[in-house]
Amino acid sequence: KNEVEQSPQNLTAQEGEFITINCSYSVGISALHWLQQHPGGGIVSLFMLSSGKKKHGRLIATINIQEKHSSLHITASHPRDSAVYICAVSLRIGETSGSRLTFGEGTQLTVNP
Amino acid sequence: DVKVTQSSRYLVKRTGEKVFLECVQDMDHENMFWYRQDPGLGLRLIYFSYDVKMKEKGDIPEGYSVSREKKERFSLILESASTNQTSMYLCASSVTGGAGGNQPQHFGDGTRLSIL
């Protein structure tokens, strides 16, 4: 069983719809990351959070530490939001070194006009 | 702005060749990472480095080695390429998080490597 599970694997929506992507994890973490990967490969960090909720434009990320669950929401979706969305968790590797990430398999989102 | 540059977007090599993938970052980051990404498996960590000349194995180091002679450059080496190393390879970097440990990683655009 993967330490990080995402659902759904694939999601197709119509422009304007509200979208939710879910992420569950089974290990203790120090932070959770949401990443976006467009066709062509480049990955962009969207959010890093360890509690509560963060918002950036039309994107909202929430995390429930007790339930080991996070959601990424997209409001008023647009075709340019079409991408793979990846959830990753930080496992601390030492007091002075950076955290390594463990990744979910990603959710392929397609938003049709 | 943060920039992580991988030397090639596409690369085709033959079985048995020694392959070098180069990654350079311009942010003076301490930490650098090499991942491979395969359908159905997501990103998996091959090696990482938290300082010059330091390296640690990730989840799938077999068949790979790395080199970090300068802070800005982290090289991934396939000692004798095999067809099962055909994949997308992504480099990333981050600052050291100190006691907190958490910093976002900045990714390169990836190298799609095919081994024939």
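Structure's up top.
The structure presented is a predicted model; accordingly, all values stated were derived computationally and were not measured. (Residues numbered from 1 in each chain as written. Chains lettered and ligands numbered in written order. Predicted model: local features only at pLDDT ≥ 70, side-chain atom pairs only at ≥ 80, totals over all residues. Heavy atoms only, no water.)

What follows is about the overall build of chain B. Counting its secondary structure elements, chain B contains zero helices and 11 strands. Scanning chain B from its N terminus toward the C terminus, one meets helices and strands in the order β-β-β-β-β-β-β-β-β-β-β. For 116 residues, the compact-globule estimate of 2.2 N^0.38 gives 13 Å, and chain B sits close to it at 14 Å. Each principal axis of the C-alpha distribution contributes one length, and for chain B these read about 45 × 30 × 25 Å. Residue burial in chain B is summarised as follows: out of 116 residues, 49% are buried. Partitioning the intrachain contacts of chain B with sequence separation of at least 6 by distance along the chain shows that 56% fall at a separation of at least 24. Here chain B has roughly 5,400 Å² of accessible surface; of this, 49% comes from carbon and sulfur atoms. When the 15 positive and 15 negative side-chain charges of chain B are each reduced to one mean point, those points stand 6 Å apart. (Helix = DSSP H or I, 4+ residues; strand = E, 2+ residues; numbered from the N terminus. Rg over C-alpha atoms; globule rule 2.2 N^0.38 Å. Buried < 20%, exposed > 50% of the residue type's maximum accessible area, 1.4 Å probe, protein only. Contact = heavy atoms within 4.5 Å. Areas by Shrake-Rupley, 256 points an atom, 1.4 Å probe, with all protein chains shown as cover. Lys, Arg positive; Asp, Glu negative; His and termini not counted. Charge placed at Lys NZ, Arg CZ, Asp CG, Glu CD.)

Attention shifts here to the overall build of chain A. Regarding its fold elements, chain A presents zero helices and 11 strands. Ordering the α and β elements of chain A from the N terminus gives β-β-β-β-β-β-β-β-β-β-β. In terms of C-alpha radius of gyration, chain A reaches 14 Å, essentially the compact-globule figure of 13 Å for 113 residues. C-alpha extents for chain A along the principal axes are approximately 45 × 30 × 30 Å. Counting all 113 residues of chain A, 46% fall into the buried class. Counting only carbon and sulfur atoms, one obtains 49% of the accessible surface of chain A, whose full area is about 5,200 Å². In chain A, which carries 9 positive and 8 negative side-chain charges, the distance between the mean positions of the two groups comes to 8 Å.

Our focus in this paragraph is the pairing of strand S3 (residues 19-25) of chain B. Residue and element names in this part refer to chain B. Because side chains alternate across S3, one face comprises the buried residues Val19, Leu21, Cys23 and Gln25, and the other comprises Phe20, Glu22 and Val24, none of which is buried. Judged from the three bridges that link them, strand S1 (residues 4-6) and S3 form a sheet pairing that is antiparallel. Paired with Val4 across the two strands is Gln25, which belongs to S3. With six bridges connecting them, S3 and strand S8 (residues 73-78) associate as antiparallel partners. Looking at the pairing, Glu22 lines up with Ser75 of S8. (Pairing = 2+ DSSP bridges.)

A few words on the packing of aromatic side chains. Taken as a whole and judged by the stated rule, the model has five aromatic pairs over all chains. Ring centres of Phe103 of chain A and Tyr35 of chain B lie 5.1 Å apart, and the angle between their planes is 85 degrees; this geometry places the pair in the edge-to-face category. Remark: Tyr35 of chain B occurs in strand S4 (residues 31-38) and Phe103 of chain A occurs in strand S10 (residues 100-103); the pair is interchain, linking two chains. Per residue, the accessibility class of Phe103 of chain A equals that of Tyr35 of chain B, and both read buried. (Phe/Tyr/Trp six-rings, centres within 6.5 Å; stacked < 30°, edge-to-face > 60°.)

Attention shifts here to the sheet that holds S8 of chain B. All names here are of chain B. What the four strands build is an open sheet, ordered S1-S3-S8-S7; its pairing is antiparallel. In the strand order of this sheet, the two ends are held by S1 and strand S7 (64-70), each with one partner. Strand after strand, the sheet turns through a mean of 20 degrees between neighbouring axes, direction not considered. (Axes fitted to C-alpha atoms, helices over the stretch in contact; angles between N-to-C directions.)

Another point: the state of the cysteines. Taken as a whole, this structure holds two disulfides over all chains when the rule is applied. At a sulfur-sulfur separation of 1.9 Å, the disulfide partner of Cys23 of chain A is Cys87 of chain A. Taking the sign of the S-S torsion, about -65 degrees here, the bridge from Cys23 of chain A to Cys87 of chain A comes out left-handed. Placement of Cys23 of chain A in strand S3 (residues 19-25) and of Cys87 of chain A in strand S9 (residues 83-91) is noted, with a sequence separation of 64 residues between them. For Cys23 of chain A, a relative accessible area of 0% translates into the label buried. On the basis of relative accessible area, Cys87 of chain A is assigned to the buried category, the value being 0%. Bridging Cys23 of chain B to Cys91 of chain B, the disulfide has an S-S length of 1.9 Å. Torsion about the S-S bond of the Cys23 of chain B and Cys91 of chain B cystine: about -75 degrees, corresponding to left-handed handedness. (Disulfide = S-S within 2.5 Å.)

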